[in-house]
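What follows is the residue order along each chain.
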Amino acid sequence: TQLNLTSQHAVGNMLSASTLSGLVAHFGESRVKRLLYTSELMAADEAMACGFVSELHADHAAVLARALEMAEQIASNAPLTIQATKELLRRMRAAGPKVHDEDLVAKIYTSADFKEGMDAFLGKRKPVWTGR
């Protein structure tokens, strides 16, 4: 299995500055230059070694089964916390690690879900999330 980051050569287009910046931030400039200048494909094991993918599976069915398992696991977590984490990561991508997060912290710690999470933890039971 290989990852193709170089399809722009096939049709003569280019990556946007935002996309290129993200690739450089993740892979490093020298690896990105090699892939883009040579139109090489990245092998799956290299993509895993550099952290671009977190898991490799034998076939399509195994990928789908794992995706469903992960989706169920994520869906069982506190939805406000997942939303806040997504938003904070979005802010960090846009502005760097020192971003405003006080609104997100306040939203989480004053939510009914936070109270439910604490009550469930102390009561040694599974929480029932409402998203409020």
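Structure first, text after, so check above.
A short tour of the structure in this document, coming up. Keep in mind that what you see is a predicted model, and the values were worked out from it rather than measured.

What counts and how
Residues numbered from 1 in each chain as written. Predicted model: local features only at pLDDT ≥ 70, side-chain atom pairs only at ≥ 80, totals over all residues. Heavy atoms only, no water. Axes fitted to C-alpha atoms, helices over the stretch in contact; angles between N-to-C directions. Helix = DSSP H or I, 4+ residues; strand = E, 2+ residues; numbered from the N terminus. Parallel < 35°, antiparallel > 145°, perpendicular 65-115°, else oblique. Contact = heavy atoms within 4.5 Å. Nonpolar A, V, L, I, M, F, W, Y, C, P; charged D, E, K, R; others polar. Core = buried A, V, L, I, M, F, W, Y, C linked by side-chain atoms within 4.5 Å. Buried < 20%, exposed > 50% of the residue type's maximum accessible area, 1.4 Å probe, protein only. Patch = residues over 30% accessible without salt bridge, like charges linked within 9 Å, V, L, I, M, F, W, Y side chains within 5 Å. Areas by Shrake-Rupley, 256 points an atom, 1.4 Å probe, with all protein chains shown as cover. Salt bridge = Lys/Arg side-chain N within 4 Å of Asp/Glu carboxyl O. Phe/Tyr/Trp six-rings, centres within 6.5 Å; stacked < 30°, edge-to-face > 60°.

As a further point, take the packing of helix 2 (residues 17–27) against helix 3 (residues 29–38). The geometry of helix 2 relative to helix 3 is characterised by a closest axis approach of 7 Å and an angle of 125° between their N-to-C directions. The angle between helix 2 and helix 3 places the two elements in the oblique class. Residue-level inspection shows Leu20, Leu23, Val24 and Phe27 of helix 2 in contact with helix 3, the latter providing Glu29, Arg31, Val32 and Leu36. Partitioned by chemical class, the residues of the contact of helix 2 with helix 3 number six nonpolar, no polar and two charged.

Another aspect to go through is the nonpolar core. Across soluble globular proteins, you tend to see nonpolar side chains buried next to one another. Ranked by size, the top nonpolar core spans eight residues in total: Leu23, Phe27, Val32, Leu35, Leu36, Met42, Ala47 and Cys50. Residue assignment for this core shows that the elements contributing at least two residues are helix 2 and helix 3. The greatest single-element share of this core, amounting to three residues, is contributed by helix 3.

On to the packing of helix 6 (residues 79–95) against helix 7 (residues 102–109), then. Their axes nearest at 10 Å, the elements helix 6 and helix 7 cross at an angle of 175°. In this view, helix 6 runs roughly antiparallel relative to helix 7, as classed from their interaxial angle. Residue-level inspection shows Leu80, Thr81, Gln83, Ala84, Glu87, Leu88 and Arg91 of helix 6 in contact with helix 7, the latter providing Asp103, Leu104, Lys107 and Ile108.

A few words on a nonpolar patch on the surface. Together, Val105, Tyr109, Phe114, Met118, Phe121 and Leu122 give the surface a local cluster of nonpolar side chains, amounting to about 640 Å² of exposed area. Where the nonpolar patch is concerned, the elements lending two or more residues are helix 7 and helix 8 (112–122). Mapped onto the fold, Tyr109 is located in helix 7.

Moving on, we come to the packing of aromatic side chains. Summed over all chains, the structure comprises two aromatic pairs. Relative to Phe52, the ring of Phe27 lies with its centre 4.8 Å away and its plane at 40°, an arrangement referred to as tilted. Taken together, the residues span a long stretch of sequence, with Phe27 in helix 2 and Phe52 in the loop between helix 4 (44–49) and helix 5 (60–75) at a distance of 25 residues. Of the residues examined, Phe27 reaches a relative accessible area of 7% and is grouped as buried.

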